[in-house]
Amino acid sequence: MKKAYLTLQNGKQFQGFRFGAEGEMVGELVFTTGMTGYIETLTDPSYYGQIVTQTFPLIGNYGMISSDCESKKSWVSAYIVREKCDDPSNFRCEGTLEQYLKANNIIGLYGIDTRELTKIVREAGVMNAAITSKPLKEFEKVSNYAITNAVKSVTCNEIEYSGDSDGLRVVVWDFGAKDNIPRELVKRGCYCIKVPSYYTAEQILALNPQGLMLTNGPGDPAENTEIIENIKKLAGKLPVFGICLGHQLFALAMGGKTKKMKYGHRGANQPVKNLSTGGVYISSQNHGYEVISESLEGKGVLSYINANDNTCEGFDYPALNAYTVQFHPEACGGPQDAAFLFDKFIANVKEGKFNA
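Note that the structure is a prediction, hence the values are computed from the model and not measured. (Residues numbered from 1 in each chain as written. Predicted model: local features only at pLDDT ≥ 70, side-chain atom pairs only at ≥ 80, totals over all residues. Heavy atoms only, no water.)

A.B. asks: Whenever I open this one, the packing of aromatic side chains confuses me. Can you help?
C.D. replies: In this description, an aromatic ring pair is defined by two values, namely the gap between the centres and the angle between the planes. According to the stated counting rule, one finds 15 aromatic pairs in the structure shown. Considering the side-chain rings of Phe17 and Tyr110, the 5.8 Å spacing of their centres and the 40 degrees angle between planes classify their relative orientation as tilted. On the criterion of sequence distance, the pair formed by Phe17 in strand β2 (residues 13-20) and Tyr110 in strand β8 (residues 107-110) is long-range, its members being 93 residues apart. Note on Tyr110: relative accessible area 16%, which makes it buried. Note on Tyr281 and Phe340: the rings are 5.4 Å apart at their centroids and 50 degrees apart in plane angle, and the pair reads as tilted. A residue pair is termed long-range when its members are at least 10 positions apart, and Tyr281 in strand β16 (residues 280-291) and Phe340 in helix α10 (residues 340-354) qualify at 59 residues. (Phe/Tyr/Trp six-rings, centres within 6.5 Å; stacked < 30°, edge-to-face > 60°. Helix = DSSP H or I, 4+ residues; strand = E, 2+ residues; numbered from the N terminus. Buried < 20%, exposed > 50% of the residue type's maximum accessible area, 1.4 Å probe, protein only.)

A.B. asks: Is there a simple way to think about the nonpolar core in this case?
C.D. replies: In globular proteins that are soluble, nonpolar side chains generally tend to be buried together. Within the largest apolar cluster, 33 residues are counted, with the highest numbers of intra-cluster contacts made by Trp173, Leu212 and Phe250. At the level of secondary structure, the elements contributing two or more residues to this core comprise β11 (168-174), β12 (190-196), α7 (201-205), β13 (211-214), α8 (225-234), α9 (245-253) and β18 (312-317). Here this core gets six residues from one element, more than from any other, and that element is α9. With 23 residues, the next largest nonpolar core counts Met213, Ile243, Val325 and Phe327 among its residues. (Core = buried A, V, L, I, M, F, W, Y, C linked by side-chain atoms within 4.5 Å.)

A.B. asks: How should I be thinking about the layout of surface pockets in this particular structure?
C.D. replies: If you add up the space inside the largest pocket, you get close to 440 Å³. Lining the largest pocket are 23 residues, and of these Lys72, Cys156, Glu160, Asp179 and Lys194 lie nearest its centre. Its residues assigned to classes, the lining of the largest pocket comprises nine nonpolar, six polar and eight charged. As a volume, the second largest pocket reaches approximately 320 Å³. Taken together, 25 residues make up the lining of the second largest pocket; nearest its centre are Glu28, Gln50, Gly219, Lys260 and Tyr289. Elements with a minimum of two residues in the lining of the second largest pocket: β9 (127-132), α9, β15 (258-274) and β16. The leading source of residues in the lining of the second largest pocket is β15, at five residues. When its residues are assigned to classes, the lining of the second largest pocket shows 11 nonpolar, 10 polar and four charged. (1 Å grid on protein atoms, 1.4 Å probe; cavity = no way out; pocket = protein on both sides within 12 Å on 5 of 7 lines; lining within 4 Å. Points joined across faces, edges and corners; volume = space filled by probe spheres on them. Nonpolar A, V, L, I, M, F, W, Y, C, P; charged D, E, K, R; others polar.)

A.B. asks: What is the right way to read the packing of α8 against α9 from this model?
C.D. replies: Angle between the axes and distance between the axes are the two parameters that describe a pair of packed helices. Viewed as axis vectors pointing N to C, α8 and α9 meet at an angle of 70 degrees, and their least axial separation amounts to 8 Å. When the axis of α8 is compared with that of α9, the two are roughly perpendicular. Counted together, Ile227, Ile228, Ile231 and Lys232 of α8 and Leu249, Phe250, Leu252 and Ala253 of α9 form the full contact between these two elements. (Axes fitted to C-alpha atoms, helices over the stretch in contact; angles between N-to-C directions. Parallel < 35°, antiparallel > 145°, perpendicular 65-115°, else oblique. Contact = heavy atoms within 4.5 Å.)

This is how it looks when you write it as structure tokens:
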């Protein structure tokens, strides 16, 4: 049991024990409230540059399962749990959490009071933190840390295809896509063409797509100025569905604004209200920025809000045959209340195909 120290930007310090990879690092400290789905959390590119704290006290009890991963590697900067499970029990288990962290060179801490840590972040807001072998005395590096070039760091390096080549042609613009987004589209008969974030509008249109998916991803949406300009060129030319970062980028392309939230929404229990029906869905979310609804007045229709804090959760743009949501309808391991949004997209694509 090797001691290590977690030092927050505000000077608060926690002592814990190491697991996973050795080393020291600085990152943005966030928490996620999911009771399950730690595999999906570890492999979600949206966590790039972040130290992730699990609020659920026991993590690792069903081990690691490669088919449940949302990408080829882990993107978290470090991982903090109250208690780690070294003896997982599941018929699909392929190894332990600690083995996975070591293989992916991810620093882990356990024995931390994650309840107190989460309360600090809820009260003070997201802040930077450092993991060190000795108590930290110099705070300049922690205070100056910032997540930059996030989308460029996680996007695919080359074009990828999946599904039946005779299906509906959908370009999946990869800003840090979780694997279940193209998987849900393929399940509905699409031929997915996943392209890197640096693709231009002209390159995308040259693929002759019938629909465009704007995916999730990490970082400050306003940083992606080139992507925003390319979205402007594509808006109205084909059906668009945006998720999470894709939702924010489309809003910015339409002249809207975004801002950083105090501590964001991360977990699988966020209530989302449909403003047209009054129905409420439980959703999975992972974001630290929000779209300012008022900034899009006259540009579209606010479709969903968060039932806890009334923040923007979705916008429809009827004139452009586009709609976007902040939450994750493709969520694994759930909930899947909003999976119907993929069916809506398929209907829009088919309508565009037959009316072309």
